[in-house]
Amino acid sequence: MIKRLLAGVLVAGLATAAHAGDVMKMAVTTSFHNSGLAEVLLPEIKADLDLEVQLLVVGTGQALKLGRAGDVDAILVHSKAAEEAFVAEGFGTHRREIMYNDFVFIGPKDDPADLGAATTASDALQKIAGAKAVFVSRGDDSGTHKKELSLWRAAGIAEDGFGDWYKSVGAGMGAALNTASGIHGYILSDRASWLNFGNKGDLALLFAGDPVLFNQYAYLPVNPEKHGHVKAGLAEKLEGWLVSDRAKALINGYMIDGETLFVFNAE
Amino acid sequence: MTDLWSGLAQAFWLVVTLDAELVEISARSLQVSLTALVIASLIAMPLAALLAVRRFRWRRGVIAILNALMGLPPVVVGLVVYVMLSRSGPLGVLGLLFTPAAMIIAQIIIVVPLIASIAHQSLRDLWQEYHDLLISMNVSQWQKMKTLLWDARRALLTASLAGFGRAIGEVGAIMIVGGNIDHATRVLTTAIALETGKGDFALALALGFVLIGLAIAVNLAIHWLSRTEREGRW
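Basis of the calculations
- Residues numbered from 1 in each chain as written.
- Chains lettered and ligands numbered in written order.
- Predicted model: local features only at pLDDT ≥ 70, side-chain atom pairs only at ≥ 80, totals over all residues.
- Helix = DSSP H or I, 4+ residues; strand = E, 2+ residues; numbered from the N terminus.
- Buried ≥ 20, exposed ≤ 12 C-beta atoms within 10 Å, placed from the backbone.
- Contact = placed C-beta atoms within 7 Å.
- Nonpolar A, V, L, I, M, F, W, Y, C, P; charged D, E, K, R; others polar.
- Pairing = 2+ DSSP bridges.
- pLDDT = per-residue confidence, 0-100.
- Axes fitted to C-alpha atoms, helices over the stretch in contact; angles between N-to-C directions.
- Parallel < 35°, antiparallel > 145°, perpendicular 65-115°, else oblique.
- Left-handed = near helix turned anticlockwise from the far one by under 90°.

1. Notes on the overall build of chain A
- When helices and strands are tallied, chain A shows 11 helices and 12 strands.
- Across the 267 residues in chain A, those meeting the buried criterion constitute 46%.
- Counted over contacts in chain A with a minimum sequence separation of 6, partners at least 24 positions apart contribute 76%.

2. Quick notes on the interface of chain B and chain A
- With 22 residues of chain B at the contact, the number on the chain A side is 29 residues.
- Here the element with the most residues in the side of chain B that touches chain A is helix 2 (residues 20-53) of chain B; it accounts for four residues.
- Broken down by class, the residue content of the side of chain B that touches chain A amounts to nine nonpolar, nine polar and four charged.

3. Details of the pairing of strand 7 (residues 186-190) of chain A
Residue and element names in this part refer to chain A.
- Along strand 7, five of the five residues are buried, which leaves the element largely enclosed by surrounding structure.
- Residues Tyr-186, Leu-188 and Asp-190 line one face of strand 7 and the alternating positions Ile-187 and Ser-189 line the opposite face, and both faces are buried.
- As defined by bridge partners, strand 4 (residues 96-108) adjoins strand 7 across four bridges and the pair is classed as antiparallel. Paired with Val-104 across the bridge in strand 7 is Ser-189.

4. As for the confidence of the model for chain A
- Mean pLDDT over chain A stands at 87; residues scoring 70 or higher make up 93%.
- Under a pLDDT of 50 for its full length, residues 13-19 of chain A has, in the predicted model, five contacts with residues more than four places off or in other chains.

5. Topic: the packing of helix 2 of chain B against helix 7 (residues 153-168) of chain B
Residue and element names in this part refer to chain B.
- Helix 7 packs onto helix 2 with a crossing angle of 140° between their chain directions and a minimal axis gap of 9 Å. As judged from the angle between their axes, helix 2 and helix 7 are oblique. Classified by chirality, the crossing of helix 7 by helix 2 is right-handed. Counting all contacts with helix 2, which are made through Ser-29, Ser-33, Ala-36, Leu-37, Ala-40, Ser-41 and Met-45, the residues of helix 7 involved are Leu-156, Ser-160, Gly-163, Phe-164, Ala-167 and Ile-168.
- Here the residues of the contact of helix 2 with helix 7 sort into eight nonpolar, five polar and no charged.

6. Focus on unusual backbone geometry
All names here are of chain A.
- The phi angle at Asp-141 is positive, at roughly 60°, despite the residue not being glycine.
- Positive phi is not limited to glycine here, since His-184 has a value of about 55°.
- Within the element layout of this structure, His-184 appears in the loop between helix 8 (173-183) and strand 7.

Quick look at the structure:
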């Protein structure tokens, strides 16, 4: 009896699903995935190219790391300086800008730091630091985290000027928003993650619109010269699709609660 | 609290309507954890029997290490397996990273010490009883191990079920080596982590209830199939 049970389980375990068509792996940022755009684009890619794109949803730091190790065929991230370094070191063949969305400041509805009256992103951060209001940072070396740090620097607040009010949680966008919701803190989020976030609680969108908050996404195929096994052909095919008019219509037409999230700007 | 109730309700509807995605990730959870469990048992049980009957120099040391490894942090196992299987790692040519096979490997490493330690405890007690008899019958070491394993099969079942419990509920390692890829390596626990990240607590809880239900169902099925707790047996 036990033997038959074991045999059955082994057969079930070894019989892995056979895939039809082509399969490639792409590392994307949590903010892209949380936006829900992937669920719109992937079935279309599957239909048009017969290409199954498997997404690894990680922070930008890890996405670049996966590309460096050759564990994925392409990456779609949003941290220009890190991306350019990635290409300069020869790990990516090139960097292709696809679209952008924007970052927004989220905080408790009663707004103790008065972010509603801020005029620029720097002004908003200075208000938070001035009021010593609780601020939740991603702290995970992601694109959003790097953006946040560059905004603090631009606001003239050095990292050693952070006090107890600055909480670095080392988590993805959704988890960090959960934390902010729990402790009534301010947080920098991409608009898509915020709109799709299900546990808003007392949080509200308090400041947005400063051009420095724009968030450019770029597509980087992994260099086959560094890693011979990467599916460069498929990565190229996907890039062709991502910059096509078809992708443009889908990306520009994607809305949550009547708001457009992404602006297609591939050339 | 409202999340709990809506989670329960959502779990109920997901199960009743046999939601396609739920069925897929539940089946994958079972496939990964049961495969890992079978292979881990095939490694751990002979190892436990060997440790019970054989006296060798480092025996105590091996047992102590095995016991200590019961608490192996899954996230560390995941990271080590990840580094080994990465394309730039020593086993990269196999191309196993981000596949169910990688998840199975990680879970085997996690549950082998647990199953071996629990199995060894009961085999050692049994060995005290059988020692004189088996020695006087002058049987081979292999026969001693076989006898012990067969006569302790109920206790070994408990060891296996403990291993299954650890495997099916584990998220740290399989998240790292599997990557939580939709339709490829997403299982119940990683889906729960994902939905929590999206702030959709109700769906996350619903998946959690399904996971608990699944663990109970598997335990009951194994008990039923192996006819424990029946009259004339214990």
